[in-house]
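One-letter residues, chain by chain:
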Amino acid sequence: MRIAFFDAKDYDIPYFTEEGDRRGVTFKFYETKLTADTAELARGFDGVCVFVNDEVGEEVVDKLYSYGVRIIALRCAGYNNVAVEACYRKIHVVRVPAYSPYAVAEHAMALLLTSVRRIHKAYNRTKEFNFSLSGLTGFDLHGKTVGVIGTGKIGRIFIDICKGFGMNVVAYDKFPGQEDGFCYVSLEELFERSDVISLHCPLDGETYHLIGAEAIAKMKKGVILLNASRGALIDAEALLEGIKARKVGAALLDVYEEESDLFFRDFSGHILEDDVLARLISMPNVIVTSHQAFLTQEALKNIAETTVGNLVAFEKDGVCENELCYRCGNIETCKRSRLEKCF
Ligand code: NAI
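About the criteria used
- Numbering of residues begins from 1 in every chain and follows the order in which that chain's sequence is written.
- For a predicted model such as this one, the threshold for reporting local features is a pLDDT of at least 70, and the threshold for listing and counting side-chain atom pairs is 80 or more; totals across whole chains, interfaces and linings nevertheless cover every residue.
- Excluding hydrogens and water, the side-chain values take into account all heavy atoms of the structure.
- Comment: elements are numbered from the N terminus, with helices defined as DSSP H or I runs of at least four residues and strands as E runs of at least two.
- A simple rule labels every residue: compare its accessible area, found with a 1.4 Å probe on the protein chains alone, to the largest value its type can have, and call it buried under 20%, exposed over 50%, or partly exposed in between.
- What makes two residues a contact is simply this: any of their non-hydrogen atoms within 4.5 Å.
- Computed by Shrake-Rupley with a 1.4 Å probe, the accessible areas treat only the displayed protein chains as cover when residues are assessed.
- This count recognises Lys and Arg as positive and Asp and Glu as negative, with His and chain-terminal groups excluded.
- In this description, the location of a charge corresponds to atom NZ of lysine, CZ of arginine, CG of aspartate or CD of glutamate.
- Think of a salt bridge as a Lys or Arg side-chain nitrogen and an Asp or Glu carboxyl oxygen that are within 4 Å of each other.
- In this description, strands pair whenever DSSP reports at least two bridges between them.
- Either an automatic procedure or a domain database provided the assignment from which the domain bounds are taken.
- By buried area we mean the combined loss of accessible area, with a 1.4 Å probe, across both parts when two parts are placed together.
- By the criterion applied in these results, polar contacts are pairs of N or O atoms within 3.5 Å in which, for protein atoms, one can donate a hydrogen and the other can accept it, and in which residues neighboring in sequence qualify only through two side-chain atoms.
- Think of it as three bins: nonpolar holds Ala, Val, Leu, Ile, Met, Phe, Trp, Tyr, Cys and Pro, charged holds Asp, Glu, Lys and Arg, and polar takes everything else, Gly as well.
- Helix axes use the C-alpha atoms of the stretch in contact, all axes being lines fitted to C-alpha atoms, and the angles between their N-to-C directions lie in the range 0 to 180 degrees.
- Roughly parallel means an angle under 35 degrees; roughly antiparallel means over 145; roughly perpendicular covers 65 to 115; every other angle is labelled oblique.
- By the definition used in this description, the sense in which the near helix is turned from the far one sets the handedness, with an anticlockwise turn below a right angle giving left-handed and a clockwise turn giving right-handed.
- We call Phe, Tyr and Trp rings a pair once their centres come within 6.5 Å, taking the six-membered ring for Trp, and we label the pair stacked below 30 degrees between planes, edge-to-face above 60, and tilted otherwise.
- Convention used here: a crossover is right-handed provided that the path from the first strand, over the helix, to the second strand proceeds clockwise when the strands point away from the viewer.
- The nearness test applies per residue and asks whether one of its heavy atoms lies within 4 Å of the molecule or strand.

Some details on the overall build of the protein
Turning to step 1, where the next piece is worked out: Across its full length, the protein carries 12 helices and 13 strands.
Turning to step 2, where the next piece is worked out: Projected onto its principal axes, the C-alpha positions of the protein cover 60 × 45 × 35 Å.
Turning to step 3, where the next piece is worked out: Evaluated residue by residue, the protein yields a buried proportion of 51% over its 343 residues.
Turning to step 4, where the next piece is worked out: Taking the contacts inside the protein whose residues are at least 6 apart along the sequence as the reference set, 65% of them involve residues at least 24 apart.
Turning to step 5, where the next piece is worked out: Accessible surface for the protein amounts to roughly 16,500 Å². Of this, 50% is attributable to carbon and sulfur atoms.
Turning to step 6, where the next piece is worked out: In the protein, the 40 positive side-chain charges and the 50 negative ones have mean positions that sit 3 Å from each other.

Things to note about the pattern of salt bridges
When charged atoms on two side chains of opposite charge get close, those side chains can pair.
Turning to step 1, where the next piece is worked out: Summed over all chains, the structure comprises 18 salt bridges.
Turning to step 2, where the next piece is worked out: Of the charged contacts, one joins Glu-19 and Arg-22 as a salt bridge, the two residues approaching to 2.8 Å between their closest N and O atoms. Of this pair, Glu-19 and Arg-22 both sit in helix H1 (residues 13-23), 3 residues apart, roughly one helical turn.
Turning to step 3, where the next piece is worked out: For Arg-22, a relative accessible area of 58% puts it in the exposed group.
Turning to step 4, where the next piece is worked out: Counted as one network, the salt bridges with shared partners bring together Glu-19, Arg-22 and Arg-23.

A look at the environment of Tyr-208
Turning to step 1, where the next piece is worked out: If you trace the backbone, Tyr-208 turns up in the loop between strand S9 (196-199) and helix H8 (213-218).
Turning to step 2, where the next piece is worked out: Residues in contact with Tyr-208, not counting those within four places in the same chain, are Leu-203, Ala-232 and Glu-257.

With respect to the sheet that holds strand S10 (residues 223-227)
The strands making up a sheet associate through backbone hydrogen bonding, with each pair oriented either parallel or antiparallel.
Turning to step 1, where the next piece is worked out: On the basis of which strands lie adjacent, the open sheet formed by 7 strands has the order S8-S7-S6-S9-S10-S11-S12 and parallel pairing. In this open sheet, the two strands that pair with only one neighbour each are strand S8 (183-184) and strand S12 (286-288).
Turning to step 2, where the next piece is worked out: Pairing analysis gives 4 bridges linking strand S6 (residues 145-149) to S9, with the strands arranged parallel. Along S9, the bridge assignment pairs Ile-149 with Leu-199.

Details of the domain arrangement of the protein
By convention, interface size is frequently given as the accessible area that disappears when the constituent parts associate.
Turning to step 1, where the next piece is worked out: Taken domain by domain, the protein consists of domain 1 (2-99 + 297-324) and domain 2 (101-288).
Turning to step 2, where the next piece is worked out: Taken together, the contact pairs 12 residues of domain 1 with 8 residues of domain 2.
Turning to step 3, where the next piece is worked out: Contact between domain 1 and domain 2 buries roughly 910 Å² in total, counting both sides, with carbon and sulfur atoms accounting for 55%.
Turning to step 4, where the next piece is worked out: Where domain 1 touches domain 2, the interface holds 1 salt bridge.
Turning to step 5, where the next piece is worked out: With a shortest N-O distance of 3.5 Å, Asp-261 and Lys-33 are connected by a salt bridge.
Turning to step 6, where the next piece is worked out: Taken together, the connections running from domain 1 to domain 2 amount to 4 residue pairs in polar contact (both at pLDDT 80 or more).
Turning to step 7, where the next piece is worked out: Residues that form the side of domain 1 that touches domain 2 fall into these classes: 6 nonpolar, 3 polar and 3 charged.

What to know about the packing of helix H4 (residues 101-116) against helix H6 (residues 153-164)
Turning to step 1, where the next piece is worked out: At their nearest, the axes of H4 and H6 sit 8 Å apart, and the two run at 45° to each other. Considering the angle they form, H4 stands oblique to H6. Regarding H4 and H6, the two cross each other, and that crossing is right-handed. Across the interface between the two elements, Pro-101, Tyr-102, Val-104, Ala-105, Glu-106, Ala-108 and Met-109 from H4 touch Lys-153, Ile-154, Ile-157, Phe-158, Ile-161 and Cys-162 from H6.
Turning to step 2, where the next piece is worked out: Its residues assigned to classes, the contact of H4 with H6 comprises 11 nonpolar, no polar and 2 charged.

Here we look at the sheet that holds strand S1 (residues 2-5)
Turning to step 1, where the next piece is worked out: One open sheet holds the 6 strands; their spatial order is S2-S1-S3-S4-S5-S13, and the pairing between them is mixed. Looking at strand neighbours, the two that pair on one side only are strand S2 (26-29) and strand S13 (323-324), the edges of this open sheet.
Turning to step 2, where the next piece is worked out: In the sheet, strand S3 (residues 47-50) pairs with strand S4 (residues 71-74) via 4 bridges, with the strands oriented parallel. Looking at S4, one finds that Val-50 is bridged to Leu-74.
Turning to step 3, where the next piece is worked out: Of the strands in this sheet, S1, S2, S3, S4 and strand S5 (92-94) touch helix H11 (residues 297-317), which is tilted by about 160° from S4.

Concerning the packing of aromatic side chains
Turning to step 1, where the next piece is worked out: Per the counting criterion, the structure on display carries 9 aromatic pairs.
Turning to step 2, where the next piece is worked out: Between Phe-5 and Phe-16, the ring centres sit 4.8 Å apart and the planes meet at 70°, which makes this aromatic pair edge-to-face. Of this pair, Phe-5 sits in strand S1 while Phe-16 sits in helix H1; the two residues are 11 residues apart in sequence, bridging distant segments of the chain.
Turning to step 3, where the next piece is worked out: Note on Phe-5: relative accessible area 0%, which makes it buried.
Turning to step 4, where the next piece is worked out: The class of Phe-16 is buried, set by a relative accessible area of 1%.

Comments concerning the pairing of S2
Turning to step 1, where the next piece is worked out: Across 4 bridges, S1 lies against S2 in parallel orientation. Bridging across to S2, Arg-2 finds its partner in Thr-26.
Turning to step 2, where the next piece is worked out: One crossover worth recording links S1 to the parallel S2 by way of H1, and it is right-handed.

Comments concerning the site of the ligand
Turning to step 1, where the next piece is worked out: Neighbouring residues of the ligand: 23 residues in total, closest Tyr-99, Lys-153, Ile-154, Asp-173 and Asp-254.
Turning to step 2, where the next piece is worked out: A distance of 3.1 Å separates a nitrogen atom of the ligand from a polar atom in the backbone of Ala-228.
Turning to step 3, where the next piece is worked out: Between an oxygen atom of the ligand and a side-chain N or O atom of Ser-229, the distance comes to 3.4 Å.
Turning to step 4, where the next piece is worked out: For the ligand, whose accessible area on its own is 870 Å², the fraction buried by protein is 88%.
Turning to step 5, where the next piece is worked out: Classifying every residue of the shell around the ligand gives 10 nonpolar, 7 polar and 6 charged.

Now the structure itself:
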């Protein structure tokens, strides 16, 4: 198979080249993102491989289809950037449902610890031989309440990590599972009780701006908001207002709602056009990492192995267990349509 690989980064290329060579898949790496303007680059390829900020809307899907592309291989779990319904009867879509939930959960805790123990400030100070402790007072996580929204693979690992720190855990999930050393509460109660709120649910029509002005108003003063899921779960302007009003004590963001034109690229030396992000970054109680939570050696290896595995399974059998199927409206669990090869 020949696959056009969009938004390629130096850390992707060795893992995908090695795995592709081993299993007979050839990748052509493009630095550019997939958009309506760049879709032409996929002409003549069997498939495209895309990441979180590639734009695979209806127009792009139609173009890919007309160029003979048969499969869109997402090398990530989330698929909010793909018009799955537009793909139905045209192009198959596969994804990597899990590559290292530990990577994301551990990064979320790294952000939280960095913030509450002021590690980022201490690091800069000691680099300049400033050994003053003034302004570095933190607080214990032990005994604090963390509210986790979304108790899937990543949320549950994050809960276990928090329990290891002696935190009390409350959780909200649209489809609650088993309570395992934590209790499910309503979203409202979670907002009211939590010292730290961490987001681990997917972005969709229902969760878009889940954290906005109204939600922030219900939270404790000084609440820490942690988002390592998808940027648009938080209304960034409302967050900024919450910080300015001293209601939000800290915002720890691995994702940002307007990240697609910025993240994964070097803008040092440029004037940042996004005033909201620039203002957020300027705040002493905001830490931003640029969608880095997944980035571990283990995750990169798993992403390459699963993506190539998805492509090979599709080529060989016409079905793939990691296919997203729109037809039945139940794209998470529907096996039947996949076994019938659907279309
Ligand atoms: P998962 O599918 O295992 O878990 C998601 C959970 O959210 C499920 O328990 C589901 O029932 C729940 N949920 C669905 N709709 C909800 C709603 N409206 N309200 C509350 N809960 C809802 O997914 P996983 O692997 O745990 O990933 C979670 C999210 O993390 C992904 O959707 C993705 O956006 C994000 N992610 C971020 C990465 C990063 O590098 N920052 C890397 C990988 C994933």
